[in-house]
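# Descriptive structure summary
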Amino acid sequence: MHVSLPAKRSTRAAVALLAAGALMLTAAGCGGDDGDTVSGGPPPNTVQLPNLKGQRLQVTAVWTGTEQKNFTKVLAEFEKRTGAKVSFVPSGDDMAGFIGSKVAGGAPPDVAMVGQVGVMREFAQKGWAKPLGAAARAQLAKNFAKGWQDLGSYQGKPYGVYFKVSNKSLLWYNTSAFDYAGAKVPKTWKDFLAQAQLLSDSGTDAVAIGGQDGWTLTDWFENVYLSQAGPEKYDQLARHEIKWTDPSVKKALETLAELWGTKGLVAGGRSGALQTAFPDSVTKAFGNKAEPDAGMVFEADFVAANVADAGAKLDEDAKVFPFPAVGDQAPVVTGGDVGVALKNSKAAQALLTFLASPDAATIWAQSGGFISANKNVKFSAYPNASMRKIAQALIAAGNDFRFDMSDQAPASFGGKPAQGEWKALQDFLKNPRNVEGIQRQLERDAAKAYKN
């Protein structure tokens, strides 16, 4: 099942975020507070929650490690305010499969944090997801731009709260490696490849890629495709209105091959990248600050948490720049995790109400590795200048943005390990010369999943 984005939004280019990508690291302030003072105090208390003493609820998400630890802080505050007891269960990467098995067994979790809008809408279509109650809807209307509200809706009815969102068009670089190589922050793809070669020539592989996790490869493709083919083509491919055998897809894959297929630019080579999980790709760039295995790593704002885990300091050892322009404008692709209720319960609705408030988002924002689309979260809640400016750019975009293409797709194509787009792009990383073969593979899988 696939539901396209609202027609009004799909006909407009993501002008605000495309432009914000270039401004992201220089913006002084975009509303709210100016972000000069970092807030580490208690979260605000802006939302009224019911007394849930004695009630238990279970929450699932893909998050593990630092992300799970930080989300647990949010759940602990909910427990404190309501008296409820909350347990967290990791779903693994296959959220659709995990929830399907729990529903079949008659014991779904109360709330799921779903990473793909296509999967959320499948849950709504099947009746697994429950519509938002009045209190949660009120928080959404108060705190979120209409674009984010629309993404959490199915057939015009709100089902989800986009609690954790991301700017998926960022490259993070090791400042020591850049200084040693004499590399500069690039603005275009051509310049990016040139700086990558400088790093390689200096003795450091240019880019660490977490190819073991297929979703990272879809993000690479989407950024190249959005910038090169443009937002209209992007929307068409997201809805499978054009085929993956289209010349625009071929051009994007050939562009990716300029990086993936050049010796010395991918840390550990292509086979090494395919055995590298995403968190380990960040460690390759920042685990040894003076002599890293890679000079750069690509991924969203949540990399900041992994940088800290690797023992590096953001804004000192690690800095960030927007994904370079492949076409006329630099791309910005967004993603996010949407909370949905899988049980009709007072406790589930109360948690979603809390997640839609500035209170919950502030807790994780203070811990780092997190961006909120909630326009009433103070920028000073973010722990460093880079994260504040990334958040400012996202809020400034309002309703104009492009959401992760694979997350809009049916789960069988865009959201499952070892199949669909994840598997095809892993095969492409293994052999970047096989452009047309990968196109045919992608189209076969897409046609089957979209049924069009």
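Here goes a summary of the coordinates provided. Source: prediction; values computed, not measured.

As a packed pair, helix α12 (residues 247-260) and helix α22 (residues 435-450) sit with axes 10 Å apart at the nearest point and diverge in direction by 125°. Classified by the angle their axes make, α12 and α22 are oblique. Crossing angle aside, the handedness with which α12 passes α22 is right-handed. In this structure, α12 uses V249, K250, L253 and E254 to contact α22, whose residues at the interface are V435, E436, I438 and Q439. Grouping the constituent residues of the contact of α12 with α22 by class yields four nonpolar, one polar and three charged.

This part takes up the packing of aromatic side chains. The tally for this structure, following the rule as stated, stands at 29 aromatic pairs. Summarising the aromatic geometry, the rings of F71 and F88 are spaced 5.9 Å apart at their centres and angled 70° between planes, so their arrangement reads as edge-to-face. Of this pair, F71 sits in helix α3 (residues 65-82) while F88 sits in strand β2 (residues 85-90); the two residues are 17 residues apart in sequence, bridging distant segments of the chain. Pair check on accessibility: F71 and F88 agree, each one buried.

Below, the discussion takes up helix α4 (residues 95-104). Taken together, the buried positions of α4 are occupied by M95, A96, F98, I99 and G100. With its phi angle positive at about 80°, G106 sits one or two positions after the end of α4.

It is worth spelling out the nonpolar core at this point. Counting residues in hydrophobic clusters, the biggest one holds 93 residues, and the most contacted among them are F71, F78, W148, F163, W172, F286 and L355. It is helix α16 (residues 346-355) that provides the largest number of residues to this core, a total of seven residues. Once residues lying within four places of it in the same chain are set aside, the contact partners of F78 are L49, L52, L57, G83, A84, V86, A347, A350, L351 and F354. Formed by 54 residues, the second largest nonpolar core is a distinct cluster that contains A181, L253, L429 and L442.

Bringing the sheet that holds strand β7 (residues 170-174) into the picture now. Strand order in the open sheet formed by four strands is β8-β9-β7-β10, and the pairing between neighbours is mixed. Since the sheet does not close on itself, it has two edges, and those belong to β8 (205-208) and β10 (318-322), each with one partner. Each strand axis lies, on average, 25° off the axis of its neighbour in the sheet, ignoring direction. With respect to the sheet, helix α9 (residues 189-201) is in contact with β7, β8 and β9 (294-298), its orientation differing from that of β9 by roughly 145°. Along the sheet face, helix α10 (residues 214-229) touches β7, β8 and β9 and points at about 80° away from the line of β9.

Inspection of the secondary structure puts T46 in the loop between α2 (15-23) and β1 (56-61). The class for T46 is partly exposed, based on a relative accessible area of 40%. Through-space distance from the C-alpha of T46 to that of P358 is 7.4 Å; in sequence the pair is 312 residues apart. When sequence neighbours within four positions are dropped, the list of residues in contact with T46 reads S357, P358 and D359. Side-chain polar atoms of T46 contact the side chain of D359, separated by 2.6 Å.

Of note in the backbone geometry, Q155 takes a positive phi value of approximately 50° without being a glycine. Mapping Q155 onto the fold places it in the loop between β4 (153-154) and β5 (157-158). Although it is not a glycine, D315 adopts a positive phi angle of roughly 75°. When you line up the elements, D315 lands in the loop between α15 (303-309) and β10.

In this sheet, β2 lies alongside β1 in parallel orientation, the contact comprising six bridges. Each bridged residue has a counterpart across the sheet, and for A61 the counterpart in β2 is P90. Considered for its hand, the β-α-β crossover made up of β1, α3 and β2 is right-handed.

The full count for this structure, using the stated rule, is 13 salt bridges. Here K168 makes a salt bridge to D219, at a shortest N to O gap of 3.2 Å. Within this pair, whereas K168 is found in the loop between β6 (160-167) and β7, its partner D219 is found in helix α10, the two being separated by 51 residues in sequence. Exposure remark for K168: the relative accessible area of 7% places this residue in the buried category. Its relative accessible area of 0% is what places D219 among the buried residues. With its nearest N and O atoms 2.9 Å apart, the salt bridge here joins K168 to D404. One end of the pair, K168, is in the loop between β6 and β7; the other, D404, is in the loop between β12 (402-403) and α19 (405-408), with 236 residues separating them in the sequence.

The rules behind these values
Residues numbered from 1 in each chain as written. Predicted model: local features only at pLDDT ≥ 70, side-chain atom pairs only at ≥ 80, totals over all residues. Heavy atoms only, no water. Axes fitted to C-alpha atoms, helices over the stretch in contact; angles between N-to-C directions. Helix = DSSP H or I, 4+ residues; strand = E, 2+ residues; numbered from the N terminus. Parallel < 35°, antiparallel > 145°, perpendicular 65-115°, else oblique. Left-handed = near helix turned anticlockwise from the far one by under 90°. Contact = heavy atoms within 4.5 Å. Nonpolar A, V, L, I, M, F, W, Y, C, P; charged D, E, K, R; others polar. Phe/Tyr/Trp six-rings, centres within 6.5 Å; stacked < 30°, edge-to-face > 60°. Buried < 20%, exposed > 50% of the residue type's maximum accessible area, 1.4 Å probe, protein only. Core = buried A, V, L, I, M, F, W, Y, C linked by side-chain atoms within 4.5 Å. Pairing = 2+ DSSP bridges. Polar contact = N/O pair within 3.5 Å; in protein donor to acceptor, adjacent residues only side chain to side chain. Right-handed = clockwise from strand over helix to strand, strands pointing away. Salt bridge = Lys/Arg side-chain N within 4 Å of Asp/Glu carboxyl O.

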